[in-house]
Amino acid sequence: MQATVGKLLTNRVLWRGAVSIVLFLVLWELGSRSKLWMAHDLFTPLRELLGAVGLKKDYLPWVGAVPAPSAVFAAWLGVIDEAGYWQSWYMSFQRVLGGFAAAMAVGIPFGLMLAVSRTAHGIGFPVFEVLRPIPPLAWVPASIIFWPTQELAIMFITFLGAFYTIVINVVGGARSIDLRYFQAAQSMGASKWDMFKRIVLPGTLPSIVVGSAVGMGITWEVVVAAEMISGGGSQMGGAGGGLGFFIWNSYVGGSYEQIVVGMISIGIAGYISSELLRSLGRHATPWLRVR
Amino acid sequence: MEMREPAPAAATRGHILIDDVVKVYDPEGAAVMAVDHCSLEIEPGEICMIVGPSGCGKTTLLNAIAGFHEITSGRILLDGELLCSSELPKAQPGPDRIVVFQNGALFPWKTNLENVIFGPVMQGRLQRGEAIDRGRAMMADAGLAGVEHNYPGEVSSGMRRRVEIVRALMNDPKVLLLDEPYRALDSLTKSVMHEALLEIYYKNKVTIFFITHDLEEAIFLGHRVAIMTTRPCKPKKLLTVDIPHPRDYSVLTSRRFRELMEETNEAVHEEALKAFQAGEKEG
């Protein structure tokens, strides 16, 4: 009984999702074909209105200039069997995961240290706070200069994207652990190390999950920009320079459909990574599933 | 002095002596006296109820016994051993004095059973396997069979309190320090919890230091009720509840219970009014 109800519910969610996507695609298709249907006499007032506010008269602003989903799909079919396209996915994923893993590996211990030690906080936090407002993209030139390879330079930028968010979340999470848990543990004979292992770590875990999900999002944002600016590892000769470079290359080559293919690919790649992270997070914090 | 009802014969430990304890917050700046020359002696195995308005300083006293806060002067002894004094203002928290907190302090990331076995395993008193056996048995005894592998967030707040009391008892404490544990519960759940607590108590005779602002709860559960003055806190009136244990809920409608309520109600109300006029904050 419960399984059937659950199935129905998921179905409904699935249906809503499908309707939402189809509706979006239909509106987009209509929008980008506005040149065709707006030529009809019925839309004369609309054309006049657009003209009056200083826009192009014969199609809808913005969306009328975007390639239609059907054209984008056709362009996608064109690149789907090209190794270069998948190489772009692979490159971007590698950079994102590399930078992200490094941010976790450095950020979690660093954040925990800041949270549990007053001395570490006093020494580490001011520097951290000065560096934090610098946007990762501002590091691109310095990163290219100071890292031996382009690959490391881009990975460093993605690392920065996730690092600050992870540290801030870890510190905040560890500090908001209820004092009573420590008092209870201490009364029951827990040592300092026990309290770190059994209270601080699990108590911070939900914040680590949240911090890494947000950090992962930022990582995708910065990897694309870093690839565009740095030329996506130009030793590869353009092909396989990552999804950001794929977009830039399509722009330079004048293939507007491919720009959109690249954009949607990033959307999907980001979604896949967040979803992976979320399911990992759910496994790591089973007690939060039951609320 | 009225005849004191003898404490249960089984208990030979858990004697608390609070001797002239003073607690002043922030002695340098604007000094606020939370506890004012408070003396109280609690017998082994006694349920001593501490009643006073919110914010009167009773939690300060509990924290001093538990070893969470310092005292300014005076001393507290447990079974003749000095816990704290003006030379040693902060007691060392230990498994002989376990607090059950107002809003509960079960670790949400551990299952109920893992919570229950935390103390003995930490202290190295029991092997994990032994602790699990003992924990299961005690949980079953407290009507908690079946929720061992649930997380605290998955069970009702009444059950969570019971798990927490079992967790406390697993440490084999001399004293249970309960800080308004049933404050957040509705009155129906509360009445069930009271009987459950007594049932657990009859099986595990420990001294209970129980803070509440609910006079009915105090008289129903306690051997003695100490009515405290509002901040600064000290005993205003000590009431010996001469209703024999074991008690159940029929006690609430008995004539003696009503008489005791009437006898003490005014003292409690007076202090509540003072606290209200002083604008004491909750907690």
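Just above sits the structure.
Residues numbered from 1 in each chain as written. Chains lettered and ligands numbered in written order. Predicted model: local features only at pLDDT ≥ 70, side-chain atom pairs only at ≥ 80, totals over all residues.

**Student:** Which parts of the structure should I look at to understand the overall build of chain B?
**Tutor:** Of the regular secondary structure elements, chain B holds eight helices and ten strands. What you see for chain B is a C-alpha radius of gyration of 19 Å, in line with the 19 Å of a compact globule of 283 residues. C-alpha atoms of chain B, sized along the principal axes, occupy 50 × 50 × 35 Å. Across chain B, contacts joining residues at least 24 apart in sequence account for 74% of those joining residues at least 6 apart. (Helix = DSSP H or I, 4+ residues; strand = E, 2+ residues; numbered from the N terminus. Rg over C-alpha atoms; globule rule 2.2 N^0.38 Å. Contact = placed C-beta atoms within 7 Å.)

**Student:** Is there a simple way to explain the sheet that holds strand β7 (residues 175-179) of chain B in this structure?
**Tutor:** The strands making up a sheet associate through backbone hydrogen bonding, with each pair oriented either parallel or antiparallel. Residues and elements named next belong to chain B. Overall, mixed pairing links the six strands, which are arranged β6-β7-β8-β3-β9-β10 in an open sheet. Of all the strands in the sheet, the pair left with one neighbour each is β6 (97-100) and β10 (235-240). Averaged over all pairs of adjacent strands, the angle between their axes in this sheet comes to 15°, without regard to strand direction. With five bridges joining them, β7 and strand β8 (residues 207-212) adopt parallel strand pairing. Directly across from V175, in β8, lies its bridge partner T207. (Pairing = 2+ DSSP bridges. Axes fitted to C-alpha atoms, helices over the stretch in contact; angles between N-to-C directions.)

**Student:** What is the right way to look at the environment of L178(B) in this model?
**Tutor:** All names here are of chain B. Turning to its location among the elements, L178 is positioned in strand β7. On a C-alpha basis, the gap between L178 and L215 in space is 15 Å, while along the polypeptide they are 37 residues apart. Setting aside its immediate chain neighbours within four residues, L178 contacts V100, I208, F210 and I211.

**Student:** I tried to follow the sheet that holds strand β5 (residues 81-85) of chain B on my own but got confused; where do I start?
**Tutor:** Residues and elements named next belong to chain B. Spatially, β2-β1-β4-β5 is the arrangement adopted by the four strands of the open sheet, whose pairing is antiparallel. The open sheet is flanked by β2 (32-42) and β5, the only strands paired with a single partner. Across the sheet, the axes of successive neighbouring strands diverge by a mean angle of 20°, strand direction being ignored. Pairing analysis gives five bridges linking strand β1 (residues 16-25) to strand β4 (residues 73-78), with the strands arranged antiparallel. By the bridge assignment for β4, V22 is matched with S73.

**Student:** How should helix α4 (residues 128-141) of chain B be read in this particular structure?
**Tutor:** Each α-helix turn comprises 3.6 residues. Residues three or four places apart therefore point the same way. Residues and elements named next belong to chain B. Compared with the 20 Å implied by 1.5 Å per residue over 14 residues, the 20 Å span of α4 between its first and last C-alpha is a close match. Within α4 the residues assigned to the buried category are A131, G135, M138 and M139. One side of α4 carries all its buried residues, which in axial view fall inside an arc of 100°. Turned more than 90 degrees away from the buried face of α4, the exposed residues are G129 and A137. Among the structural elements, α2 (112-116), α3 (118-123) and α5 (157-169) are those in contact with the buried residues of α4. Trailing α4 by a residue or two, G143 shows a phi angle of about 75°, which is positive. (Expected span 1.5 Å × (residues − 1). Buried ≥ 20, exposed ≤ 12 C-beta atoms within 10 Å, placed from the backbone. Arc of directions from axis to C-beta.)

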